[in-house]
Amino acid sequence: MAFELPNLPYASDALEPHIDSRTMEIHHGKHHNGYTTKLNGAIEGTDLEGKSIEDILTNLDMGNAGVRNNGGGFYNHSLFWSIMSPNGGGTPSGALANAIDSAFGSFDGFKEKFSSAAGTRFGSGWAWLCVQKGGEVEVCSSPNQDNPLMPGVGCGGVPILGLDVWEHAYYLNYQNRRPDYVSAFFNVINWEKVSQLYEANK
């Protein structure tokens, strides 16, 4: 069964002014679509065909550039769309909030750590909030389309929040002002969805 480009869970202009409609259309319809198509091509006729993306990435041969880059791109963006919402922002609650307070001292401490991971990632990549078995959370970043599911990358846990800091994710609206884009991201985070992912993977 080939992987399919997931639909956006909201209209392309729903996250404005924080993320503009034109960027969303290009990012989802061109970039994510391209990763999806190329991933299917890379696994066609191999023993990876029919496996879940999580299984593929967790057991990845890191020398397989086609699957590494396009599988990462497919998974990362699928997560990215799902953890944003036009009704996002605010702060987490419940067990996730407690885990964040335990790991970072406060939500502001987490925000500072996550923003630093996103802002200091050289070139292209992602910033992540990951959960480890047992419920501890950790912030890290990874280059290109790598993610923490892959062997030896980043936190090594399960990503429950990811921010794309490739220039294609923000350049039309923010140009070289990545910190402004990172700051705006906090206005669209769907903490209810992130909490669900936390509960499912702790």
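Above this text is the structure in question.
Participant: What is the right way to look at unusual backbone geometry in this model?
Facilitator: Among all residues save glycine, negative phi is the norm, and among peptide bonds the norm is trans. Of note, the bond from E16 into P17 is cis; its omega dihedral lies within 30 degrees of zero at 5 degrees. In this fold, P17 is placed in the segment before helix 1 (21-43). One non-glycine residue, N144, lies in positive phi territory at about 55 degrees. If you trace the backbone, N144 turns up in the loop between strand 2 (137-143) and strand 3 (158-164). In this structure N144 comes out as partly exposed when scored by relative accessible area, which is 41%. One non-glycine residue, Q175, lies in positive phi territory at about 50 degrees.

Participant: Help me understand the packing of helix 5 (residues 107-120) against helix 7 (residues 178-185), please; the structure alone is not making it clear to me.
Facilitator: When two helices pack together, their arrangement is given by the angle between the helix axes and the distance between those axes. Contact pair helix 5 / helix 7: the axes reach a minimum separation of 10 Å and the direction vectors enclose 145 degrees. In this structure, the crossing between helix 5 and helix 7 has a hand that is right-handed. Of the residues in helix 7, those touching helix 5 at F114, S115, A118 and G119 are R178, V182 and F185.

Participant: Would you mind showing me how to read the sheet that holds strand 1 (residues 125-131) here?
Facilitator: For sheets, the rule is that strands pair by backbone hydrogen bonds, running either parallel or antiparallel. Taken in spatial order, the three strands line up as 2-1-3 in an open sheet, and their pairing is antiparallel. Of all the strands in the sheet, the pair left with one neighbour each is strand 2 and strand 3. Ignoring strand direction, the axes of neighbouring strands in this sheet form an average angle of 25 degrees. Examined bridge by bridge, strand 1 and strand 3 share six bridges and lie antiparallel to one another. Pairing of L129 across the sheet is with L161, part of strand 3. Those strands touched by helix 4 (residues 94-104) are strand 1, strand 2 and strand 3, and its axis lies near 75 degrees from that of strand 2. Lying over the sheet, helix 8 (residues 191-201) contacts strand 1, strand 2 and strand 3, oriented at roughly 145 degrees with respect to strand 3.

Participant: Quick question: what am I supposed to make of the nonpolar core here?
Facilitator: General note: in soluble globular proteins, nonpolar side chains tend to be found buried as a group. Grouped together as the largest cluster of nonpolar side chains are 49 residues, with contacts concentrated most on M84, F110, L161 and F185. Here this core gets six residues from one element, more than from any other, and that element is strand 1. Sequence-distant contacts of F185, that is, excluding residues within four places in its chain, are made with F80, I83, M84, F114, L161, G162 and L163. Counting residues in hydrophobic clusters, the runner-up holds 14 residues, among them L39, I56, V67 and L149.

Parameters at a glance
Residues numbered from 1 in each chain as written. Predicted model: local features only at pLDDT ≥ 70, side-chain atom pairs only at ≥ 80, totals over all residues. Heavy atoms only, no water. Helix = DSSP H or I, 4+ residues; strand = E, 2+ residues; numbered from the N terminus. Buried < 20%, exposed > 50% of the residue type's maximum accessible area, 1.4 Å probe, protein only. Axes fitted to C-alpha atoms, helices over the stretch in contact; angles between N-to-C directions. Left-handed = near helix turned anticlockwise from the far one by under 90°. Contact = heavy atoms within 4.5 Å. Pairing = 2+ DSSP bridges. Core = buried A, V, L, I, M, F, W, Y, C linked by side-chain atoms within 4.5 Å.

Read these as layout, nothing more, since geometry by itself doesn't imply function.
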